[in-house]
Amino acid sequence: MADQQTTSNTWDSCYADLHIHIGRTSRGEAVKISGSRDLTFENIAREASERKGIQLLGVIDCHSPVVQMDIEQLLENGTMSELEDGGIAYQDTTILLGTEIELREPEMREYHMLAYFRDLKTMKSFTEWMERYMKNVNLSSQRVYVSSLEMQAEIKARGGLIVPAHAFTPHKGIYGSTAPRMADVLDTSLIDAVELGLSSDSSMASYIQELDQLPFLTNSDAHSLGKIGREYNELQIAHPSFDEFSMALKGEAGRNIKANYGLNPRLGKYHRTYCAACGSIMDEQAMSAERCPYCGSTKLVQGVLDRILAIADRESPHVPEFRPPYHYQVPLEFIPGLGKAKLRQLLEHFGTEMNVLHRTSEEELASVVGPVLASLIVAARNGRLELSSGGGGTYGKVSGKETD
Ligand SMILES: [Zn+2]
Ligand SMILES: [Zn+2]
C-alpha cells in the first residue's frame, strides 16, 4: 500500500480507465453481447495490472447479478479483496464497481449514464431497486424505465458517483442524442464528472457553459481486452480506491485529475458529419451543408464537432483554470507496423503499455524495436502523427508520417 499522506506527489501517476465492459461471465453467460468472450471480470483485472499498467479501473457492468457472482467468487477464493476505502483490489490495481444505464425522457432520445458505488453490498442494493424497472438486469447498458431525476436520487441515496457517458456522441450521448443542455434532463448539481467520449476533447467541450464546474473524464469504453487504456486519466491520489477517486473528482485534499489522455478527436468514429447515402465524410469543407456535397443527399448524420458548434453558447471555447491538460495520444495499436509480435517484445522489456508510452526513452525503445518504430511511438506519445478524420462509425487513420 502506498503511503497515505496528503502532500502532493503522493502517488507517481496513477492511470485510470473508468469505462470497461464485461463480455461474458466466467461461466460463459453473455453480459455485453457485442463484447468479446474473454472480457471477464478477472481477465480485465489481469490485463490492466499486468499488460496495461492501469491501476484504477471502472468496470461498468457490475450491476449484473451474474457478474456479481463472479466477483463474490474472486473475493471468497482470495484472488481479490475489498478495500477499506472502497473498490476491489487485485494486485496493484483497484476496480471500481460501476454500471452503465440507458435513460429516456418523454419526447427525447435516449442517453447513457455511468454510476459507481463504493462496495459490492451497495451495488447489490442498487441492483435490487433497479431490476424492477428493466427487462433484463443481467445485460449491459439496458434501458431503465424511471425518470432521470429519480435515477439520480437513487444513486445519490447510496453514495454513488454520477457521470453522463460519452456525452457528445450521436449514439446515446446526452448532448449528442438527447438535449442541448444537461440541465434540461438532469439535476446538474448531482453530477460528479462528464465523460467526453472518443470524438471530443476538453477544448471542444468548453463551448458549453454549464460544463465549466465539472471535471472531465476520458475513458476507453472498451469492448475487448486490447482496447483497455485506449483513453485514460492520470490522477493524483494517495492510492487507487473509491474514496480517493471521489476526492480527485472534487479536487479535495490535494487529490485531482492531473491530465486526460485521449485520441485526437479527429481519430474518433463520430467526429465529423457523414452522409448516410454515399458514406462521404464532411471534413474541413462543407461543415454546415444541408446536403452532401458529393451526392446531394440530405441524409447527413451530425458529427460530434458539428453538434457541439450547433449547441454552443459561446463564440469560442473557454477552458477554466482548474482544467488539466488534455493530451492527444495515439494508442499503441494504431501505430503502423507495430504488430502483435513487436508489442510483445516491448512489453517483455518494459513491463506495461503505460511504461512504453510514458516512461521509456526513444533510445531504449529503439534498442528493442529499431529506430523507425521507436520514433513513431515517440511521435504518438506527443500527438505528432498525421491523421485523417473519422466519421459515420469509422475511425480516422494514422498515416505513419510524422507532422511538426
Ligand atoms: Zn454507452
Ligand atoms: Zn459503454
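Our structure is the block above this text.
Residues numbered from 1 in each chain as written. Chains lettered and ligands numbered in written order. Predicted model: local features only at pLDDT ≥ 70, side-chain atom pairs only at ≥ 80, totals over all residues. Heavy atoms only, no water.

### Observations concerning the overall build of the protein chain
Quick reminder of the rule: Helix and strand assignments follow DSSP, with helices taken as H or I runs no shorter than four residues and strands as E runs no shorter than two, numbered in order from the N terminus. Only the C-alpha atoms count toward the radius of gyration. The rule for a globule is 2.2 Å times the residue count to the power 0.38. For each residue, the accessible area found with a 1.4 Å probe, counting protein chains only, is set against the maximum for its type, and the residue is called buried under 20%, exposed over 50%, and partly exposed in between. For this analysis, residues touch if any pair of their heavy atoms sits within 4.5 Å. Shrake-Rupley sampling with a 1.4 Å probe provides the accessible areas, and residues are treated as covered by the protein chains on show and by no other component. When charges are tallied, Lys and Arg are placed among the positive residues and Asp and Glu among the negative ones, while His and the ends of the chain are skipped. Lys charges are placed at NZ, Arg charges at CZ, Asp charges at CG and Glu charges at CD.
The number of helices and strands found in the protein chain is twelve helices and 16 strands. By the compact-globule yardstick of 22 Å for 404 residues, the protein chain fits well, its C-alpha radius of gyration being 21 Å. Seen through its principal axes, the protein chain has C-alpha atoms that stretch 60 × 60 × 45 Å. The burial tally for the protein chain puts 58% of its 404 residues in the buried class. The contacts in the protein chain between residues at least 6 apart in sequence include a share of 68% that link residues at least 24 apart. As displayed, the protein chain offers around 16,300 Å² of accessible surface, 47% of which is attributable to carbon and sulfur atoms. Put simply, the protein chain has 40 plus and 55 minus side-chain charges, and the middle of one group is 6 Å from the middle of the other.

### Observations concerning the packing of aromatic side chains
Counted only if it meets this: Aromatic rings from Phe, Tyr and Trp, with only the six-membered ring used for Trp, were paired whenever their centres fell within 6.5 Å, and each pair was classed as stacked if the ring planes differed by under 30 degrees, edge-to-face if by over 60, and tilted otherwise. A ring has a charge above it when a Lys NZ or an Arg CZ is no more than 6 Å from the ring centre and no more than 35 degrees off the ring normal.
Taken as a whole and judged by the stated rule, the model has nine aromatic pairs. Centre to centre, the rings of tyrosine 15 and tyrosine 232 are 5.5 Å apart; their planes meet at 90°, and the pair counts as edge-to-face. Taken as a pair, tyrosine 15 in strand 1 (residues 14–20) and tyrosine 232 in strand 10 (residues 232–236) lie far apart in primary sequence, 217 residues in all. Classification of tyrosine 15 as buried rests on a relative accessible area of 3%. Residue class for tyrosine 232 comes out buried when judged on its relative accessible area of 0%. Between phenylalanine 126 and tryptophan 129, the aromatic rings sit 5.7 Å apart at their centres with planes inclined by 40°, giving tilted as the arrangement. With phenylalanine 126 and tryptophan 129 both in helix 3 (residues 120–130), this residue pair falls three residues apart, about one helical turn. Neither phenylalanine 126 nor tryptophan 129 differs from the other in exposure class; each is buried. Feature note: the residues Phe117, Phe126, Trp129 and Tyr133 constitute an aromatic cluster, connected by ring pairs. A cation over a ring is seen here: arginine 323 above phenylalanine 216, with NZ or CZ 3.5 Å from the ring centre.

### Let's talk about the pairing of strand 11 (residues 256–262)
Condition: Two strands are counted as paired when DSSP detects at least two bridges linking them.
Counting buried positions over the seven residues of strand 11 gives five, a clear majority of the element. Examined bridge by bridge, strand 10 and strand 11 share five bridges and lie antiparallel to one another. Across the sheet, residue glutamate 234 finds its bridge partner in strand 11, namely alanine 259.

### A word on the coordination of the zinc ion (ligand 1)
Which entries qualify depends on this criterion: Metal sites are built from N, O and S donor atoms within 2.8 Å, or 3.2 Å for Na, K and Ca, and they leave out water, so they may look incomplete.
The protein atoms that coordinate the zinc ion (ligand 1) are Glu100 (OE), His112 (ND1) and His166 (NE2), at distances of 2.0 to 2.1 Å. In primary-sequence terms, the residues that donate to the zinc ion (ligand 1) follow E-x11-H-x53-H. In this structure the zinc ion (ligand 2) is found 3.5 Å away from the zinc ion (ligand 1), and glutamate 100 serves as a bridging donor for the pair. Here histidine 112, found in strand 6 (residues 111–117), pairs with histidine 166, found in the loop between strand 7 (161–164) and helix 5 (174–178); they are 54 residues apart in sequence, far enough to count as distant.

### Points about unusual backbone geometry
Not every positive phi belongs to a glycine, and glutamate 107 is a case in point at roughly 70°. As for its position among the elements, glutamate 107 is in the loop between strand 5 (93–103) and strand 6. Residues other than glycine seldom take positive phi values, yet alanine 253 does so here, at roughly 50°. Following the sequence through the fold, alanine 253 ends up in the loop between helix 7 (242–250) and strand 11.

### What to know about the coordination of the zinc ion (ligand 2)
Going by this rule: Irregular is the default label, applied whenever a site is not tetrahedral (four donors, all angles between 85 and 135 degrees) and neither square planar nor octahedral (four or six donors, opposite donors over 155 degrees apart, all other angles between 65 and 115).
Those protein atoms acting as donors to the zinc ion (ligand 2) are His19 (NE2), His21 (NE2), Glu100 (OE) and Asp221 (OD), and they sit at 2.1 to 2.4 Å. Coordination at the zinc ion (ligand 2) is irregular: its four donor atoms span angles of 78 to 171° at the metal. Mapping the donors of the zinc ion (ligand 2) onto the primary sequence gives the spacing H-x1-H-x78-E-x120-D. A relative accessible area of 0% means that histidine 19 is categorised as buried.

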